[in-house]
Amino acid sequence: MTLMDAGVNKVYRITDVRGSGSFRRRLLDMGFTPQCKLYVAGIAPFGGTVLVALRGFTVALREDAASMIEIEAA
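Criteria and thresholds
Residues numbered from 1 in each chain as written. Predicted model: local features only at pLDDT ≥ 70, side-chain atom pairs only at ≥ 80, totals over all residues. Heavy atoms only, no water. Helix = DSSP H or I, 4+ residues; strand = E, 2+ residues; numbered from the N terminus. Buried < 20%, exposed > 50% of the residue type's maximum accessible area, 1.4 Å probe, protein only. Contact = heavy atoms within 4.5 Å. Salt bridge = Lys/Arg side-chain N within 4 Å of Asp/Glu carboxyl O. Core = buried A, V, L, I, M, F, W, Y, C linked by side-chain atoms within 4.5 Å.

**Remarks on the side chain of Glu 70**
As for its placement among the helices and strands, Glu 70 is situated in strand β5 (residues 69–73). Under the relative-accessibility criterion, Glu 70 is labelled buried at 18%.

Here it is in structure tokens:
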């Protein structure tokens, strides 16, 4: 499942970051690496953004970025 399918107030583990090029590299540089745990703090009511916390910081990801991140329940 991808980050767009995640439930709010739950912890997940990243299994893969799909895609290629500079956009994938940017996600990896921000700390979205395999085996990292993240907490889904919120999802915009009509889609669009996902608010996640990982490695001591909180970030809002757009739908296109969140759909590149594969997760599993932690």
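**Thoughts on the environment of Thr 15**
Turning to its location among the elements, Thr 15 is positioned in strand β1 (residues 10–17). Leaving out residues up to four positions away in the same chain, Thr 15 has contacts with Pro 34, Glu 70, Ile 71 and Glu 72.

**As for the environment of Ala 53**
Here Ala 53 shows up in strand β3 (residues 49–54). Look at Ala 53 and you get partly exposed, because its relative accessible area is 24%. The sequence separation of Ala 53 and Lys 37 amounts to 16 residues, and the corresponding C-alpha distance is 9.0 Å. Not counting residues within four places of it along the chain, the set of residues in contact with Ala 53 comprises Leu 38, Tyr 39 and Thr 58.

**Focus on the pattern of salt bridges**
Within this structure, the stated rule accounts for 4 salt bridges. A salt bridge links Glu 70 to Arg 18; the nearest nitrogen and oxygen atoms lie 3.2 Å apart. Within this pair, whereas Glu 70 is found in strand β5, its partner Arg 18 is found in the loop between β1 and α1 (22–29), the two being separated by 52 residues in sequence. Looking at Arg 18, the relative accessible area reads 39%, which means it is partly exposed.

**Observations concerning the nonpolar core**
Among the nonpolar cores identified, the biggest contains 21 residues, and Leu 3, Phe 32, Leu 38, Val 52 and Leu 61 are the most heavily contacted of them. Among the secondary structure elements, those contributing two or more residues to this core are β1, α1, β2 (37–43), β3, β4 (57–62), α2 (63–66) and β5. Residues contacting Phe 32, with those up to four places away along its chain left out, are Ile 14, Val 17, Leu 27, Leu 38, Val 52, Leu 54, Val 59, Leu 61 and Ile 69.

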